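A structural walkthrough
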Amino acid sequence: RTRLPSQGRMGQTVSPQFTPVERKIRFDPHWRGVNIAVTVAMLLYSAAPALACSFLGHPADFRIDLYLAPFYVSYMVYGAIIGSTVLVRHVLGRTDKHLLWFTRTWPVNEFASRLISALPFLLMWPIFMSGFTSIKNLLNDTVPFGWDHELATIGVVLHFGKPLWQWLWIDSPPVTRALEFIYAFWGVLLVAVPFSVCLRHPHCPKRARFLVSFLLVMVLMGNVMAGMFMSAGPFWLQFSDHHHDGYRKLFEYLQRADGNGAFSAVTYQHYLWLAHQHRSGTWFGTGISAFPSIHVAIAALYVMFGWQFGRLARIGSVLFLVSIMIGSVHLGWHYAFDGYAGMVGAAAIYYGVGRLQRRYGSAARKPLTAPTLSA
């Protein structure tokens, strides 16, 4: 929404009043073009797995409809929650108050406008993720797991002769259950966070920076680096003939803590291994790759993006990152080095995108003046 100078008493011009957060915001109309380019790139990326799977003789690995239903249903739920909040605050006259990490609550018509601006990315997001999962499954079918022992050895060296899970030794089923819940909740945030970020103004460089960084982490780290350093993670040692005594005690504990097996890391690990052995196409949430850890990388992105929103966002995002890092090791998903590489890689990508923005963003370097746009 454009904030124009208003006419005060005696006809004099009164400059608009901005909150301290709004004064720090820099807008650049050029980033609307970047957002369109991102959507086009997602479309092209989603088409690549279809060609690759067909060319390499694994057409069943491509499933474009894999995540359409859960993602679109989630959008409707999130949109209904935020839309109801906007409507209630509008009725109560509280539109000047903060909403999530936005500087104010929008009027109803502006919320609808922002939702429409977010649609191109949101419509492509589940299709992009289907392509991402298809490539992971294609890599599993064509590239052997050859880096597990090297990554495990690096972790032992980094932690003075013992794998990290031994230093963190947790012998408490309730704590393990809590880590499993947080690890699973990562999937909810994978939809919710991009949804809410897309509701920021389409001219906002911070919006573009996060979304571009998010996609680059998925592609460069989750597909390219995963294929270069193909590994399955510690749980693979339990299902293959590559026994490793360094993880035997951990998985014995996880089996005991599993309880009825209805919801646990062990249950999902069995599901992944069954899907890998079945080799009849891509299943929901499948594809095995340990290095680097995308769970940790995405959680690190949340920290970097959320740092600008104050103490509560900083504490919450850091706690989430620490929980994901500990859970990735304690639950047998990753070697410690996978998580470290995920954090470093995410930071490098986020920093690189920001550097490009500072170099090529023209209006982003100018101070906020009226008339201008609000966040």
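Residues numbered from 1 in each chain as written. Predicted model: local features only at pLDDT ≥ 70, side-chain atom pairs only at ≥ 80, totals over all residues. Heavy atoms only, no water.

Points about the nonpolar core
Test applied: Nonpolar cores were defined as sets of buried Ala, Val, Leu, Ile, Met, Phe, Trp, Tyr and Cys residues, with membership established by side-chain atoms within 4.5 Å. Between buried and exposed lies partly exposed: a residue is buried under 20% and exposed over 50% of the maximum accessible area for its type, with that area taken using a 1.4 Å probe on protein chains only. Secondary structure elements follow DSSP: runs of H or I of four or more residues count as helices, runs of E of two or more count as strands, with numbering from the N terminus. Residues count as neighbours in contact if any of their non-hydrogen atoms are within 4.5 Å of one another.
Phe121, Trp125, Met129, Phe210, Phe214, Val217 and Ile298 are the most contacted members of the largest nonpolar core, which has 87 residues in total. Counting residues per element, this core draws most heavily on helix α4 (residues 108-142), at 12 residues. Ile298 has contacts with Trp186, Phe214, Val217 and Met218, leaving out every residue within four places of it along the chain.

Here we look at the confidence of the model for the protein
If pLDDT is low for a region, its predicted coordinates should not be looked at in detail. Put simply, the rule reads: The predictor attaches a confidence to each residue, and that confidence, scored 0 to 100, is pLDDT.
Mean pLDDT over the protein: 82, with 80% of residues reaching 70 or higher. Across the protein, the secondary-structure element scoring lowest on mean pLDDT is strand β3 (residues 13-14), at 40, and the one scoring highest is helix α12 (residues 294-306), at 96. Per-residue pLDDT stays below 50 along residues 1-26; that stretch engages in 51 contacts with residues further than four places along the chain or on separate chains.

Looking at unusual backbone geometry
Cis rather than trans, the peptide bond between Phe291 and Pro292 has omega equal to -15 degrees. Within the secondary structure, Pro292 is located in the loop between α11 (265-278) and α12. Positive phi, normally seen in glycine, also occurs at Phe160, with a value near 60 degrees. Here Phe160 is to be found in the loop between α5 (148-158) and α6 (164-167). According to the relative accessible area criterion, Phe160 is exposed, its value standing at 72%.

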